Amino acid sequence: MSTQLLVGGRIYSSSSPDATAMAVTDGMVVWVGADRPGRALYPDAEIIELDGAFVAPGFVDPHVHVTGLGLQLIGMDLTRARSLAQCLELIRAYAAAHDDAVLTGQGWDETGWPERRPPTIAEIDAAVGPGRLAYLTRVDAHSAVVSTAMLAAVPQARDANGYTAGEPLRATAHHLVRQAMIERLDRAQRDRARRAALDHAAAHGVVAVHECAGPEISGRTDVAELLEFEHGVQVRVYWGEAVRDADEARALVRELGVHGLAGDLFVDGSLGSHTAWLREPYADRDTTGVRYLDADAIAAHVRACTDAGVQAGFHAIGDGAIEAVVQGFSRVAAEVGAPALAARGHRIEHAELLDASQIAALAEYGVIASVQPGFDAAWGGSDGMYAQRLGARRAAALNPFAAMAAAGVALAIGSDAPVTALSPWEAVRAAANHRTPGHRISPRAAFAAATRGAWRAGGIRDGVAGTLVPGAPASYAVWDATELVVAAAADSVQRWSTDPRSRVPGLPRLDPGAPVPTCLRTVHNGTVIHRV
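Sequence order as written defines residue numbering, which begins from 1 separately in each chain. With pLDDT at 70 or above as the cut-off, local features in this predicted model cover only qualifying residues; side-chain atom pairs require 80 or more to be listed or tallied, and sums for whole chains, interfaces and linings still use all residues. Note that the side-chain values use all heavy atoms of the structure and ignore hydrogens as well as water.

Within an unreviewed UniProt entry, the label attached to the protein reads Amidohydrolase, and the organism entered is Nocardia pulmonis.

Here we take up the overall build of the protein. Secondary structure elements are taken from DSSP: a helix is a run of H or I of four residues or more, a strand is a run of E of two residues or more, and numbering for both begins at the N terminus. Looking only at helices and strands, the protein has 20 helices and 24 strands in total. Atoms counted for the radius of gyration: C-alpha only. Globule rule: 2.2 Å times residue count to the power 0.38. Computed over C-alpha atoms, the radius of gyration of the protein comes to 23 Å, within 12% of the 24 Å expected from 2.2 N^0.38 for 532 residues, which places it in the range of a compact globule. Across its three principal directions, the C-alpha atoms of the protein cover 75 × 55 × 50 Å. Partly exposed describes any residue whose relative accessible area lies between the buried limit of under 20% and the exposed limit of over 50%, with all areas from a 1.4 Å probe on protein chains only and scaled to the type maximum. Among the 532 residues that make up the protein, the fraction classed as buried is 58%. For accessible areas, the Shrake-Rupley method is used with a probe of radius 1.4 Å. Any residue's cover is judged against the shown protein chains and nothing else. Summed over all atoms, the accessible surface of the protein reaches about 20000 Å², with 50% contributed by carbon and sulfur. Distance between charge centres in the protein, computed from 47 positive and 60 negative side chains, equals 2 Å. The positive count covers Lys and Arg only, the negative count covers Asp and Glu only, and His and the chain ends enter neither. For the purpose of locating charges, the reference atoms are NZ of Lys, CZ of Arg, CG of Asp and CD of Glu.

Moving on, we come to the pattern of salt bridges. Salt bridges, as used here, are contacts in which a Lys or Arg side-chain nitrogen is within 4 Å of a carboxyl oxygen on Asp or Glu. A complete count under the given rule lists 30 salt bridges for this structure. For R331, the salt bridge is made with D296, and the minimal N-O distance between the two is 2.3 Å. Here D296 lies in helix α10 (residues 295-308) and R331 lies in helix α11 (residues 319-336), a separation of 35 residues in the sequence. A cluster of three or more residues bridged by salt bridges with shared partners is formed by R187, R190, D191, R194, D222, E225 and E228.

This part is about the packing of helix α9 (residues 246-256) against α10. Here an axis means a line fitted to C-alpha atoms, over the contact stretch when the element is a helix, while the angle between two N-to-C directions is reported on a 0 to 180 degree scale. One can describe the packing of α9 onto α10 by two numbers: an axis separation of 7 Å at closest approach and a directional angle of 70°. Relative to α10, the element α9 is oriented roughly perpendicular. Residues A246, A249 and R250 of α9 lie in contact with α10, whose contacting residues are A304, D307 and A308. Classes in brief: Ala, Val, Leu, Ile, Met, Phe, Trp, Tyr, Cys and Pro nonpolar; Asp, Glu, Lys and Arg charged; the others, Gly included, polar. Broken down by class, the residue content of the contact of α9 with α10 amounts to four nonpolar, no polar and two charged. Angles below 35 degrees are treated as roughly parallel, those above 145 as roughly antiparallel, those between 65 and 115 as roughly perpendicular, and all remaining angles as oblique. In what follows, residue pairs with any heavy atoms lying within 4.5 Å of each other are defined as contacts.

On to the packing of aromatic side chains. Note on aromatic contacts: the rings of Phe and Tyr and the six-membered ring of Trp form a pair at centre separations within 6.5 Å, being stacked when their planes are under 30 degrees apart, edge-to-face when over 60 apart, and tilted otherwise. Per the counting criterion, the structure on display carries 13 aromatic pairs. Ring geometry for F59 and W425: centres 5.1 Å apart, planes at 90°, overall edge-to-face. With F59 in strand β7 (residues 59-64) and W425 in helix α18 (residues 424-432), the pair connects residues that are 366 residues apart, well separated along the chain. The exposure class assigned to F59 is buried, which follows from its relative accessible area of 1%. Centre to centre, the rings of F59 and F447 are 5.5 Å apart; their planes meet at 75°, and the pair counts as edge-to-face. Here F59, found in strand β7, pairs with F447, found in helix α19 (residues 443-450); they are 388 residues apart in sequence, far enough to count as distant. Each residue in the set Y12, F54, F59, W425, F447 and W479 is aromatic and connected to the rest through ring pairs, giving one cluster. Two conditions define a charge sitting above a ring: the NZ of Lys or the CZ of Arg must be within 6 Å of the ring centre, and it must be within 35 degrees of the ring normal. Looking at R291, its charged tip hangs above the ring of W277, at a distance of 6.0 Å from the centre.

Two strands qualify as a pair provided that DSSP identifies no fewer than 2 bridges between them. Pairing of strand β13 (residues 206-213) with strand β14 (residues 234-239) involves six bridges; the strand directions are parallel. Among the inter-strand pairings, A208 is bridged to a residue of β14, identified as Q234. Orient the strands so they point away from the viewer, and a crossover whose first-strand-to-second-strand path over the helix runs clockwise is right-handed. Between the parallel elements β13 and β14, the chain passes through helix α8 (residues 219-228) in a crossover that is right-handed.

Before going further, it helps to spend a moment on unusual backbone geometry. For the bond from A417 to P418, the omega torsion is 15°, close enough to zero to count as cis. Unusually for a residue other than glycine, A171 sits at a positive phi of about 50°. Residue classification places A171 among the buried residues on the basis of a relative accessible area of 2%. Located in the positive-phi region is H274, a residue other than glycine, with phi close to 60°. Structurally, H274 is set in the loop between α9 and α10.

Before going further, it helps to examine the sheet that holds strand β18 (residues 411-413). Here four strands make up an open sheet; going across it, the order is β15-β16-β17-β18 and the pairing parallel. Edge strands, defined here as strands with exactly one partner in the open sheet, are β15 (313-316) and β18. Taken over all neighbouring pairs, the strand axes of this sheet differ in orientation by 25° on average, direction set aside. Bridge count between strand β17 (residues 368-371) and β18: three bridges; the pairing is parallel. Across the sheet, V371 pairs through a bridge with I413, a residue of β18.

Let us look at the sheet that holds strand β6 (residues 54-57). Spatially, five strands are ordered β2-β6-β19-β23-β24 in an open sheet, and the strand pairing comes out mixed. Looking at which strands have only one partner, the edges of the open sheet turn out to be β2 (10-11) and β24 (527-531). Looking at chain direction, β6 and strand β19 (residues 476-480) are connected through four bridges and run antiparallel. Bridge pairing in β19 places F54 opposite W479.

For the rest of this paragraph, the subject is the pairing of β6. With two bridges connecting them, β2 and β6 associate as parallel partners. Within the sheet, the bridge partner assigned to I11 lies in β6 and is V55.

This part covers the state of the cysteines. The definition used for a disulfide is geometric: two cysteine sulfur atoms within 2.5 Å. Inspection of the entire model under this criterion finds zero disulfides. Here C305 is not disulfide-linked; the sulfur of C212 is the nearest cysteine sulfur, at 14 Å. We classify C305 as buried; its relative accessible area is 0%.

Packed helices, taken two at a time, are described by the angle their axes make and the gap between the axes. Two numbers describe how α10 lies on α11: the axes approach to 8 Å, and their chain directions differ by 45°. Here α10 is positioned oblique relative to α11, judged by the angle of their axes. The two elements α10 and α11 cross, and the hand of that crossing is right-handed. For the pair α10 and α11, the contacting residues are A295, D296, I298, A299, V302 and R303 in the first and A324, V325, Q327, G328, F329, R331, V332, E335 and V336 in the second. Residue composition of the contact of α10 with α11, grouped by class: nine nonpolar, two polar and four charged. By the definition used in this description, the sense in which the near helix is turned from the far one sets the handedness, with an anticlockwise turn below a right angle giving left-handed and a clockwise turn giving right-handed.

Written out as structure tokens, the structure is:
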């Protein structure tokens, strides 16, 4: 057995809140405490000097699109565009410098542009040049603008739901073109994207991610290649395809090698693309969005997965979609009982617009909510995209993290990268500083949801994953962080405490504008997967 002893740091451990040292043997935490006892207990250990660095459990991102994130990192990142004109200039410059088979771009968002409209197909053609294939997805990844050549390569898209001449592709039309885009990338490009994405995750203290794949998102080839891809960041793969019975569920899991039939199994789309399914029409468009699955299909999928012992889950954002999910779970609970559902740890992704009764139902059925606080940071507030789409009253109800946690809904915090940045500290900060004050959760609760809660969302319920206590896997990150603080129990008393007598481990300060910790090293199961 080989032992490493980390000394001279600040260790985030519930078993020893003031710890400065940690011993790791063969990939497992075996002891946490002070430097001097550690040196005495492990005289032959390899000493790792922390020099005051902060050591915390590694993050897990429970909602990522690995290849899509990688394509953003190595391709056109259009999140930088602050106007339509700047977006077109970024596209023009990239096209001039690259001869990719398909020019891919990610992240444009017209809601913050002065022009208040997306690019047209003629503008894309002019930017990339005649005859070139170009696919440029909106920031929420639920609509895209494409070149004439790209659209011509998928002629069936013109007859599909979601195609309207002169508008971005949505719904089925978008899914068809997205699949065609991915198929036209060569394996080397896809692998380069995957490595870029997982390297990026490790550099941000992430030790595991959950890939949310599906036939409308990335396709079977991408899933097969991702499962074969070797990297230090652990990847759990979900496949979003509805099944009708337990035999079909088992067969699909076995055929694809995936870990569950969950993730982006679409019940609806997104608010930004006007495809989230709402009970009442959008404030800025006469539509209630798109419904992909009804309560009958949802109930069949949940029952099939429950009987097969497979984790199920759905993508649901609007209140119409969430109501259908609740109805589906309710029907299955009436047949098999709520405890049987809770035992499977089924999931709901996003869960943005929901009321108290829906929250209570999700809690009763043990449904884990995989949420993205970065959505609120990007689009919340009285003048954000949410308010444009829904009006201020309905927008203020979005992402009620505090009410969900208070009702007993287990939260797992992630990014939906590349929709929002894979930056876990920013996600934790966003949850603690929600634009609607009543929806905020404490930094400590948010951090737990991005570590322990995210492991639990992936079916790991051993009580130690996502912590640094004896017996836990040695999956951690070492951070260059400034002052550590402890969130108070109630805002009415005080927001922060630095009193060491609190016996609660401190976290880096997460006030708006405070510097985000820098990752120095990431370790998963005792193996270094990132080092500065």
